[in-house]
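Residue-level structure breakdown
Each chain is listed here by its residues.
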Amino acid sequence: MLHAQSYRVYRPSPVVEKATPTTSTKLTFLSSLSLSAWSSASFADISDTQGNVLSEYMTGFSLAGMYKTSENLYLGLEWGKYESKDSSNLFIPKMSKEQIGGIIKWVFTSDTQPRMYVLGGFGRIKNKAQFSFESKKDEKYSKYLLGGVGLEYKIKEWIKVGGEYRLKYTFSPWESKLLKEDPFRHEFSLGLWIGF
């Protein structure tokens with residue numbers, strides 16, 4: 001008698017391990033930088049020695065560079081220049097401010113759109129008045145602190161727009177033989193970011 005027997009050989013199929021992409025949480029330096037430009041209005045009374053208000057507001061612009069240290073924290077430097085547009089004294093046709101300082105920003109609604117943040121800063125400010133007689137100038141330097149809140153809205157991956165309110169305190173307000181300034185200023189700004 002003939003017997004037939006079949007054999008089944010088990011061959012294990014090779015397992016191909018899929019490489020899972022590793023995502024680095026480290027931010028490169030360049031991808032963490034951004035630049036912004038702001039248009040601002042700054043409100044505070046500047047008076048003469050008799051108490052007559054010479055100017056109530058200034059307008060100007062500022063430029064800032066920010067570095068993203070974490071998902072919610074930003075550090076930066078800014079420079080700004082403002083001029084009075086409502087001077088009521090013919091002998092003082094021009095009053096201006098120029099400032100440079102540091103900024104820290106904390107975004108506390110990182111998962112929403114628009115995002116909300118708070119900020120603080122400090123720096124140095126230069127006050128300058130141009131008199132119409134004898135080409136005389138009055139200049140004064142002071143340090144300042146500021147705090148504020150803001151909104152930012154991402155319109156594209158690398159472009160954001162936003163608005164801010166700041167309250168600025170000047171340690172040595174503009175005060176001379178002819179001028180006197182309130183130490184607190186209220187600032188409202190609209191800005192554009194290019195970067196992260």
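Placed above this text is the structure.
This write-up is about the structure you can find in this document. The structure displayed is predicted, hence computed values, not measured ones.

For the structure shown, the criterion picks out two cavities of 30 Å³ or more. For the largest cavity, the calculated volume is near 80 Å³. Elements with a minimum of two residues in the lining of the largest cavity: strand S1 (33-47), strand S2 (53-68), strand S4 (94-107) and strand S7 (159-170). Among the residues making up the lining of the largest cavity, the classes are represented as six nonpolar, one polar and four charged. Space inside the second largest cavity adds up to approximately 30 Å³. Around the second largest cavity, the lining residues are Trp38, Ser40, Ser62, Glu78, Tyr82, Glu164, Arg166, Glu187 and Ser189. Among the secondary structure elements, those contributing two or more residues to the lining of the second largest cavity are S1, strand S3 (73-84), S7 and strand S9 (184-195). Split by residue class, the lining of the second largest cavity holds two nonpolar, three polar and four charged.

Okay, the pairing of S1 next. Direction of pairing for S1 relative to S2: antiparallel, over a ladder of 13 bridges. By the bridge assignment for S2, Leu33 is matched with Tyr67. Counted between consecutive antiparallel strands, the loop separating S1 from S2 contains five residues, among which Gly51 sits at a positive phi close to 90°. Here S1 pairs with S9 via ten bridges, running antiparallel. Residue pairing in the sheet places Ser42 in a bridge with Glu187 of S9. Relative to strand S8 (residues 180-181), S1 runs antiparallel, the two being bridged by two bridges.

Each value, and the rule that gives it
- Residues numbered from 1 in each chain as written.
- Predicted model: local features only at pLDDT ≥ 70, side-chain atom pairs only at ≥ 80, totals over all residues.
- Heavy atoms only, no water.
- 1 Å grid on protein atoms, 1.4 Å probe; cavity = no way out; pocket = protein on both sides within 12 Å on 5 of 7 lines; lining within 4 Å.
- Points joined across faces, edges and corners; volume = space filled by probe spheres on them.
- Helix = DSSP H or I, 4+ residues; strand = E, 2+ residues; numbered from the N terminus.
- Nonpolar A, V, L, I, M, F, W, Y, C, P; charged D, E, K, R; others polar.
- Pairing = 2+ DSSP bridges.

Geometry only, nothing functional implied.
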